[in-house]
Amino acid sequence: MRNVGVIMRRELGSYFATPLAYVFILIFLVLANAFTFYLGGFFERGQADLAPFFNFHPWLYLFLIPALAMRLWAEERKTGSIELLLTQPVTLWEAVLGKFIAAWIFAALALALTFPIWITVNYLGKPDNGAILAGYVGSLLLAGGFLAIGSCMSALTRNQVIAFILGVVVCFVFLLAGFPLVLDVFRSWAPQALIDAIASLSFLTHFESIAKGVIDIRDLLYFAMLIAFFLLATTIALDVRKAE
Amino acid sequence: MIQVEHLSKRYHALTAVDDLSFEVAPGEVLGFLGPNGAGKTTTMRMLAGFISPTAGTASICGHDIETDTLAAKKSIGYLPEGAPLYGEMTVQSFLEFIADLRNLTGSMRRNRLEYAIGRLQLGSVTEQTIETLSKGFRRRVGLAQALMQDPPVLILDEPTDGLDPNQKHEVRTLINEMSRDKIIIISTHLLEEVDAVCTRAIIIARGRIVADDSPQGLAAKSRYYNAVSLQLENPQQLAAARAAIEALPFVAAVEVSERDARLTALPRAGAQILPALSELAARQGLKLKELHLESGRLDEVFRTITA
């Protein structure tokens with residue numbers, strides 16, 4: 001486990017070695033606030049809560065998180081540094097986990113920097129801070145799920161643009177798994193049990209139930225399993241394709 | 001000790017490495033030679049634990065590369081082909097990262113960092129990011145990384161590629177110094193490098209071993225082995241000299257280079273022709289600029305067995 005920490009620290013450092021980190025955080029903060037105030041009608045609603053803030057996170061993450069995740073493995077494969085990393089005495093699993101945690105911590109940092117909106121809403125009224133905390137937890141889990149998918153897509157290719165596009169598409173499918181747009185594809189041929197199973201995979205349903213302030217163990221378990229599944233898939237994809 | 005038994009790697013229809021078996025003992029510097037695509041890099045990647053063999057096994061200091069991968073990797077310092085590094089890191093933080101992955105702590109960590117930086121003369125660039133360094137410096141950072149833990153086995157894929165002659169010399173000196181108690185495997189295209197550092201050379205072509213010998217032993221396979229080369233002062237004597245030399249017993253053939261008035265006499269198998277030739281030169285009144293005995297040409301052997 002020590003190696004996970006070492007790899008995580010290096011990866012996190014590399015975000016800040018380039019303008020990437022600052023650009024990402026800036027765009028995230030600007031868009032998150034713009035959505036909240038303009039599309040979400042933060043003031044017009046006249047309610048002291050952060051629902052208009054959290055409601056847009058899935059859509060914001062849909063593009064920003066694959067952008068963050070696309071370099072995780074595609075870049076290592078492109079430059080060949082993956083060979084350097086994986087011939088050190090580390091396991092593939094430690095490397096996958098270390099890099100994923102680094103990206104997740106980075107996403108958490110960007111999310112934490114939205115704290116002024118929490119201060120604002122507390123200044124303006126008396127919000128349910130428990131619900132806001134739940135919203136943050138849900139948002140962080142959602143980011144983790146998207147990142148795990150992005151990590152897997154990044155492991156499939158040496159090309160970061162392809163990794164980004166694959167990431168957006170797969171995240172989109174998972175986001176809307178409970179909606180007709182995705183379900184109709186399966187409805188004509190798949191048994192009902194499968195359709196129900198796919199519907200239950202929806203990010204949006206699980207995220208919204210947490211964001212409402214109800215942290216259900218099933219929702220937590222859902223995100224935990226989803227992340228574990230895609231990290232495992234990342235490991236398998238790398239094992240097969242790392243040398244290509 | 002490295003033991004390789006029937007190691008093979010296939011990609012779909014392509015067989016990159018085909019049933020390699022060999023052993024390397026401490027103190028040996030093994031040179032891997034072969035044309036591009038012969039399977040050198042694939043073999044080294046398997047030994048270093050980056051890719052798994054399709055068939056066969058190998059063990060590094062008693063640790064099987066497949067069942068005891070971590071222990072095997074711990075015994076190896078590896079320089080991948082092209083020395084890939086993390087460009088955005090500084091040399092210092094990169095080497096610290098490697099030291100941490102190699103589980104070095106406390107004074108050991110300090111000493112090894114100091115040694116690697118000092119030994120490869122990286123002191124002046126420790127705070128520069130790697131992407132701003134010249135190719136020579138990057139290669140040296142890659143070598144420093146491989147030396148970090150003082151491993152008993154070094155596997156270096158083209159360690160001098162892209163270096164200038166001074167840097168090449170420096171790296172070869174380093175390899176020679178370390179060779180006493182270590183196992184070192186290097187791959188190279190440069191045949192003079194084999195002469196300069198290797199105690200043994202394996203030539204592979206199309207994934208198979210086609211020769212395994214000392215560099216001297218390989219050179220002895222050359223038709224130029226024990227050939228005598230002479231350069232004349234006066235190019236007009238070339239034709240006459242050629243005829244006289246061809247008439248000698250024990251001379252198999254004579255090659256002429258008109259450009260520099262040079263004759264190379266190739267001996268019949270096992271014959272020593274130098275005394276006879278120097279005597280002939282004196283008798284015929286040939287003015288010689290140069291007369292020397294060739295020890296065999298590795299490049300010619302290489303071409304003959306890999307073509």
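Because the structure is a prediction, the values reported are computed rather than measured. (Residues numbered from 1 in each chain as written. Chains lettered and ligands numbered in written order. Predicted model: local features only at pLDDT ≥ 70, side-chain atom pairs only at ≥ 80, totals over all residues.)

Asks: I'd like a rundown of the overall build of chain B, residues and numbers included.
Replies: What chain B contains, in helices and strands, is eleven helices and 14 strands. Overall, the C-alpha framework of chain B stretches about 75 × 45 × 35 Å when taken along its three principal axes. Per-residue burial for chain B yields a buried fraction of 39% across its 307 residues. In chain B, once contacts between residues fewer than 6 apart in sequence are set aside, the share between residues at least 24 apart is 68%. (Helix = DSSP H or I, 4+ residues; strand = E, 2+ residues; numbered from the N terminus. Buried ≥ 20, exposed ≤ 12 C-beta atoms within 10 Å, placed from the backbone. Contact = placed C-beta atoms within 7 Å.)

Asks: Now, about the packing of helix α13 (residues 203-211) of chain A against helix α14 (residues 217-241) of chain A: what can you tell me, with residues and values included?
Replies: When two helices pack together, their arrangement is given by the angle between the helix axes and the distance between those axes. All names here are of chain A. Contact geometry of α13 with α14 gives a least axis separation of 10 Å together with a crossing angle of 135 degrees. Here α14 runs oblique to α13, going by the angle between their axes. The hand of the α13/α14 crossing is left-handed. In this structure, α13 uses H206, S209 and I210 to contact α14, whose residues at the interface are D219, Y222 and F223. Taken together, the residues of the contact of α13 with α14 sort by class into three nonpolar, two polar and one charged. (Axes fitted to C-alpha atoms, helices over the stretch in contact; angles between N-to-C directions. Parallel < 35°, antiparallel > 145°, perpendicular 65-115°, else oblique. Left-handed = near helix turned anticlockwise from the far one by under 90°. Nonpolar A, V, L, I, M, F, W, Y, C, P; charged D, E, K, R; others polar.)

Asks: Describe the pairing of strand β2 (residues 14-24) of chain B, naming the residues involved and giving the relevant values.
Replies: Residue and element names in this part refer to chain B. Alignment of strand β1 (residues 2-11) against β2, held across seven bridges, turns out to be antiparallel. Looking at β2, one finds that Q3 is bridged to E23. Connecting β1 to the next strand, β2, in antiparallel fashion are two residues, including H12 with a positive phi near 50 degrees. (Pairing = 2+ DSSP bridges.)

Asks: Would you mind going over the interface of chain B and chain A in detail, with residue names and values included?
Replies: Listed as interface residues are 21 residues of chain B and, on the opposing side, 18 residues of chain A. Broken down by secondary-structure element, the contributors of at least two residues to the side of chain B that touches chain A are α2 (69-74) and α3 (91-101) of chain B. Per-element tally for the side of chain B that touches chain A: the top contributor is α3(B), with four residues. Tallied by class, residues from the side of chain B that touches chain A come to 13 nonpolar, two polar and six charged.

Asks: An account of the environment of G162(B) is needed here, citing residue identities and associated values.
Replies: All names here are of chain B. Counting through the fold element by element, G162 comes out in the loop between β7 (153-157) and α6 (165-178). For G162 and R138, which are 24 residues apart along the polypeptide, the C-alpha to C-alpha distance reads 10.0 Å. Ignoring any residue separated from it by four or fewer positions in sequence, one finds G162 in contact with K135, G136 and R139.

Asks: Can you explain the domain arrangement of chain B? Please cite residues and give values.
Replies: Domain boundaries in chain B define domain 1 (2-219) and domain 2 (221-297). For domain 1 of chain B versus domain 2 of chain B, the separation of C-alpha centres amounts to 42 Å. (Domains from an automatic or database assignment.)

Asks: Before we move on, could you go through the packing of helix α11 (residues 180-187) of chain A against helix α12 (residues 192-199) of chain A and cite the residues and values that matter?
Replies: Residue and element names in this part refer to chain A. Two elements in contact, α11 and α12, have axes separated by 10 Å at closest approach and are oriented at 160 degrees. Classified by the angle their axes make, α11 and α12 are roughly antiparallel. When you trace α11 past α12, the crossing you get is right-handed. Along its contact with α11, which presents L183, F186 and R187, the element α12 presents L194, I195, I198 and A199.

Asks: So what's going on with the nonpolar core? Residues and values would help.
Replies: Core analysis: the biggest nonpolar cluster contains 153 residues, and I65(A), A103(A), L147(A) and I155(B) have the highest contact counts within it. Considering each element in turn, this core owes the most residues, 13 residues, to helix α9 (residues 129-156) of chain A. If you count residues domain by domain, this core takes at least three from each of domain 1 (2-219) and domain 2 (221-297) of chain B. (Core = buried A, V, L, I, M, F, W, Y, C linked by C-beta atoms within 7 Å.)

Asks: Describe helix α11 (residues 298-306) of chain B, naming the residues involved and giving the relevant values.
Replies: Taken residue by residue, α11(B) has L298(B), V301(B) and F302(B) as its buried positions. What you see down the axis of α11(B) is that its buried residues fit within an arc of 100 degrees, all on one side. (Arc of directions from axis to C-beta.)

Asks: Explain the sheet that holds strand β13 (residues 262-267) of chain B to me, and be specific about the residues and the numbers.
Replies: Residue and element names in this part refer to chain B. What the four strands build is an open sheet, ordered β12-β13-β11-β14; its pairing is antiparallel. If you trace the sheet from one side to the other, it starts and ends with β12 (251-257) and β14 (288-295), each paired once. Pairwise comparison of adjacent strand axes, ignoring direction, gives a mean angle of 20 degrees for this sheet. Running over the sheet, helix α9 (residues 238-247) touches β11 (225-232), β12 and β13 and is turned about 165 degrees from β12. Lying on the sheet, helix α10 (residues 274-284) is in contact with β11, β13 and β14; it crosses β11 at an angle near 15 degrees.

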